[in-house]
Amino acid sequence: MRSGTRNRTFLLTVFTLISISALMGDEYLIGYRLTTQNSTLVSDRISVSKSMTPCLGSKQESLFLPRQPSQKLQALLNTHEDEFIEFATQQTIKLQSHQNITNHEHTSSDSMTLPTQCYIVDFNDDSVTISLLK
């Protein structure tokens, strides 16, 4: 006869991993880039992708946002773009500026980039918590 205790260690490991991932939330890579040409907005984009590998680090600051049921993270961040950018700009920002001045013309292009970083996102029924991992 076969004993049922052989798979107990494996089942305990699987259950532990599922429990930890449920408590920690999902890991997403989020970045932002804004580009202007002659002080006119050319592009403004938040990029979101689910992390394919585990992110290392500990939770830092958190942002709490209200959300509609079944609203995806990209749509939520587009809706609350100002709050997220204010939250994210507490970290490193990269600024680039190029100017070209000739006799009769002045052109400039500027870009602001928030480097892509890993965030833990906890979805609740009517809110979401976004925490930076560092």
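(A) Local environment of unusual backbone geometry. Of note in this structure, Asn38 is not a glycine but carries a positive phi near 55 degrees. Mapping Asn38 onto the fold places it in the loop between strand S1 (26-37) and strand S2 (40-50). Residue Asn38 is classed as partly exposed on the basis of its relative accessible area of 38%. At Ser70, a position not held by glycine, the phi torsion is positive, near 60 degrees. Inspection of the secondary structure puts Ser70 in the loop between strand S3 (59-66) and helix H2 (73-79).

(B) Examining empty space enclosed by the protein more closely. This model, assessed by the stated rule, comprises one cavity of 30 Å³ or more. The space that makes up the largest cavity amounts to roughly 60 Å³. In terms of lining residues, the largest cavity is bounded by Ile30, Gly31, Tyr32, Phe84, Ala88, Gln91, Thr92, Leu114, Pro115, Gln117 and Tyr119. Looking at the lining of the largest cavity, the elements with two or more residues in it are S1, helix H3 (81-88) and strand S5 (106-123). Sort the elements by how many residues they give to the lining of the largest cavity and S5 lands first, with four residues. By residue class, the composition of the lining of the largest cavity is seven nonpolar, four polar and no charged.

Calculation notes
- Residues numbered from 1 in each chain as written.
- Predicted model: local features only at pLDDT ≥ 70, side-chain atom pairs only at ≥ 80, totals over all residues.
- Heavy atoms only, no water.
- Helix = DSSP H or I, 4+ residues; strand = E, 2+ residues; numbered from the N terminus.
- Buried < 20%, exposed > 50% of the residue type's maximum accessible area, 1.4 Å probe, protein only.
- 1 Å grid on protein atoms, 1.4 Å probe; cavity = no way out; pocket = protein on both sides within 12 Å on 5 of 7 lines; lining within 4 Å.
- Points joined across faces, edges and corners; volume = space filled by probe spheres on them.
- Nonpolar A, V, L, I, M, F, W, Y, C, P; charged D, E, K, R; others polar.

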